[in-house]
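Listed below are the residues making up each chain.
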Amino acid sequence: MKKTSQLCFLSAAMMALASPAVQAQEPATQSKEVLDAVSVSMKRDSTMRPYGRVNEVLSMVQRYGQGLFRLEFTLGAKDPKVPLPAKPKLAVVHADAFVPIPIEADGSFQLPVLPKEQAKDAEFASNIPKGTANMRGKILLTVKPEQLDMAMVRKVMKTARTMRSEILPWYLRWAFPQFDGVRVCSNQTNWELEWPDSSTPGQLLSIPLSADSKDMDPEESDAAKKSPAARRQCSTITGEERWPDNARLVAPADTSLSVRLSGQP
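Residues numbered from 1 in each chain as written. Predicted model: local features only at pLDDT ≥ 70, side-chain atom pairs only at ≥ 80, totals over all residues. Heavy atoms only, no water.

Participant: Tell me about the overall build of the protein chain, residues and numbers included.
Facilitator: Helices and strands together make up the secondary structure of the protein chain, namely four helices and 14 strands. Going through the 265 residues of the protein chain one by one, you find that 35% of them count as buried. By sequence separation, contacts in the protein chain at least 24 residues apart represent 77% of the contacts at least 6 residues apart. Total accessible area on the protein chain stands at roughly 16500 Å², and carbon and sulfur atoms take up 53% of it. (Helix = DSSP H or I, 4+ residues; strand = E, 2+ residues; numbered from the N terminus. Buried < 20%, exposed > 50% of the residue type's maximum accessible area, 1.4 Å probe, protein only. Contact = heavy atoms within 4.5 Å. Areas by Shrake-Rupley, 256 points an atom, 1.4 Å probe, with all protein chains shown as cover.)

Quick look at the structure:
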């Protein structure tokens, strides 16, 4: 182990109010957005997963996930020979409203949590030919690398276990698989955990994390096609290590965090 110095940083946030002139333009802008969304020919698609079940998972993650997780979705073509429209449109439709779903440039989107009574009969609607699309979801961590310490890793793992084994009914556990740990990835293997040295006030102890050559960053394009040396390097912290709760991650600026699921290489 080695000793290093410790620095703390503070940040501030600001809020600004829109001017009356800008506020006066909002209704027209909102009306245009609604018209744009509705003007696209969209039909209900019962071949997609029932929204009631999806909403049940979303609401439980929101209620019991302690703000640690969010679900992100993407649309893909079932058959590569039948590509999706160049600009796919998606919405959730129920008896009381038509809710357009914004789709990001990379094709990802998030779904709204509806009241239970609305979600019960809600369906997806889209401009995609019926039965040609797959919707895939993944669990993302909301924790930032600079927030990660062993206490946070253990909180993530405990919350995930509790949600899967005690909160989610058996028929929804497909949506929340078992976790093996928190994955740390960056271009270089320059990660450490550091914590205060109780024997020397003002000093820190640190220990390096080892890379796992078989692990891959789930956000890296074509990672499986690259050699271990060419792709981003990763290490997984399980929470079972004997390091103290206040051992915090020190990592490169390009570091990303993700959950490593059971069964992943």
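Moving on from the model shown.
Participant: Explain the side chain of Gln233 to me, and be specific about the residues and the numbers.
Facilitator: Secondary-structure assignment places Gln233 in strand S12 (residues 233–237). Within the structure, Gln233 has its side chain in polar contact with the backbone oxygen of Pro228 (distance 2.8 Å). Setting aside anything within four residues of it in sequence, one finds Gln233 in contact with Val184, Cys185, Ser186, Asn187, Thr189, Trp191, Ala211 and Pro228. (Polar contact = N/O pair within 3.5 Å; in protein donor to acceptor, adjacent residues only side chain to side chain.)

Participant: For the state of the cysteines, give the residues involved together with the corresponding values.
Facilitator: Across all of its chains, the model carries one disulfide by this definition. Two residues, Cys185 and Cys234, share a disulfide whose sulfurs are 2.1 Å apart. Its torsion about the S-S bond being 110°, the disulfide of Cys185 and Cys234 is classed as right-handed. A residue pair is termed long-range when its members are at least 10 positions apart, and Cys185 in strand S9 (residues 179–186) and Cys234 in strand S12 qualify at 49 residues. Residues Cys185 and Cys234 agree in their burial class; the two are buried. (Disulfide = S-S within 2.5 Å.)

Participant: Describe in detail the pairing of S9, supporting the description with residues and values.
Facilitator: For S9, a buried count of seven out of eight residues is recorded, marking the element as mostly surrounded by other parts of the structure. Bridging between S9 and strand S14 (residues 256–261) involves six bridges; their strand directions are antiparallel. Bridge pairing in S14 links Cys185 to Ser256. Of the strand pairs in this sheet, S9 and S12 are connected by five bridges, and their pairing is antiparallel. Note on S12: the bridge partner recorded for Val182 is Ile237. (Pairing = 2+ DSSP bridges.)

Participant: Let's hear about the nonpolar core: which residues, and what values?
Facilitator: Of all hydrophobic cores here, the largest spans 50 residues; its most connected members are Tyr51, Phe69, Leu111, Leu148, Phe176 and Phe179. Secondary structure elements with two or more residues in this core: helix H2 (51–64), strand S3 (69–77), strand S4 (90–94), strand S8 (133–141), helix H4 (150–167), S9, strand S10 (192–196) and S14. Sort the elements by how many residues they give to this core and H4 lands first, with seven residues. Once residues lying within four places of it in the same chain are set aside, the contact partners of Phe69 are Val61, Ile139, Leu140, Leu141, Thr142, Val156, Thr159, Ala160, Met163, Phe176 and Phe179. (Core = buried A, V, L, I, M, F, W, Y, C linked by side-chain atoms within 4.5 Å.)

Participant: Can you break down the environment of Asn127 residue by residue, with the values?
Facilitator: Examined against the element boundaries, Asn127 turns out to sit in the loop between strand S7 (123–126) and S8. One polar contact links the side chain of Asn127 to the main-chain carbonyl oxygen of Lys87, over a distance of 3.3 Å.

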